[in-house]
Amino acid sequence: MKKISKSQIQKDIHEFFINIKEKTPKEIKKIKRLAMKDNIALKELRKTFCKKCLNPYNNPKIRIKNKIKIIVCNNCNYISRYKLK
Ligand SMILES: [Zn+2]
């Protein structure tokens, strides 16, 4: 059996996120699991989809307040907050 290298998985994940807006929550769940399994940090990529309903963000409401970036999911209204560096 051919073993897929970690760098190959990383490449696959990054390619997946290029077209994130066309992905379904089911596909996002799968890629998240894949990344977790191999301890691959999604970092900035995590901000491209809602962690509650796993829908890709599509023109979400974004506000910046006190160096905190607030993203409101346009699907389930879940609010994500990220500290700006
Ligand atoms: Zn959502």
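Up top is the structure these notes are about.
This is a predicted model, so every value here is computed, not measured.

Draft legend 1. View of the overall build of the chain. A tally of regular secondary structure across the chain gives two helices and three strands. N-terminal to C-terminal, the α/β element order of the chain is α-α-β-β-β. By the burial criterion, 28% of the 85 residues in the chain qualify as buried. The long-range share in the chain, meaning contacts at least 24 apart out of those at least 6 apart in sequence, stands at 36%. With the model as given, the accessible surface of the chain reaches about 6800 Å², and the carbon-plus-sulfur share is 51%. Both charge centroids of the chain, one from 25 positive and one from 6 negative side chains, sit 11 Å from each other.

Draft legend 2. Region of interest: the sheet that holds strand S3 (residues 79–83). The strand order across the open sheet formed by three strands is S1-S2-S3, and the pairing between neighbours is antiparallel. Both outer strands of the open sheet, strand S1 (61–65) and S3, are each paired with one neighbouring strand and no more. On average, each strand axis in the sheet is tilted by 20 degrees relative to the strand beside it, whichever way the strands run. As judged from the five bridges shared by strand S2 (residues 68–72) and S3, these two strands associate in the antiparallel manner. From the neighbouring strand, Ile70 faces S3, where its bridge partner is Arg81.

Draft legend 3. Layout of the nonpolar core. Counting 13 residues, the largest nonpolar core has Ile13, Phe16, Phe17, Ile28, Leu42 and Phe49 as its most contacted members. Secondary structure elements with two or more residues in this core: helix H1 (6–18) and helix H2 (25–37). Of all hydrophobic cores here, the second largest spans six residues; its members include Cys50, Cys53, Tyr57 and Ile71.

Draft legend 4. Representation of the coordination of the zinc ion within the structure. Bound to the zinc ion are the protein donor atoms Cys50 (SG), Cys53 (SG), Cys73 (SG) and Cys76 (SG), situated 2.3 Å from the metal. For the zinc ion, the four donor atoms in the first shell make angles of 108 to 112 degrees at the metal, a pattern classed as tetrahedral.

Draft legend 5. Quick peek at H1. With 13 residues, H1 should reach 18 Å at 1.5 Å per residue; the first-to-last C-alpha distance of 19 Å fits that figure. Residues of H1 that are buried: Ile9, Ile13, Phe16 and Phe17. Around the axis of H1, the buried residues are gathered within 95 degrees of arc, so they sit on the same side. For H1, the exposed residues set more than 90 degrees away from the buried face come down to Ser7 and Ile18.

Thresholds, definitions, all that
- Residues numbered from 1 in each chain as written.
- Predicted model: local features only at pLDDT ≥ 70, side-chain atom pairs only at ≥ 80, totals over all residues.
- Heavy atoms only, no water.
- Helix = DSSP H or I, 4+ residues; strand = E, 2+ residues; numbered from the N terminus.
- Buried < 20%, exposed > 50% of the residue type's maximum accessible area, 1.4 Å probe, protein only.
- Contact = heavy atoms within 4.5 Å.
- Areas by Shrake-Rupley, 256 points an atom, 1.4 Å probe, with all protein chains shown as cover.
- Lys, Arg positive; Asp, Glu negative; His and termini not counted.
- Charge placed at Lys NZ, Arg CZ, Asp CG, Glu CD.
- Pairing = 2+ DSSP bridges.
- Axes fitted to C-alpha atoms, helices over the stretch in contact; angles between N-to-C directions.
- Core = buried A, V, L, I, M, F, W, Y, C linked by side-chain atoms within 4.5 Å.
- Donors = N, O, S within 2.8 Å, 3.2 Å for Na, K, Ca; no water.
- Tetrahedral: all angles 85-135°; square planar, octahedral: opposite > 155°, others 65-115°.
- Expected span 1.5 Å × (residues − 1).
- Arc of directions from axis to C-beta.

That's the geometry; what it means functionally is another story.
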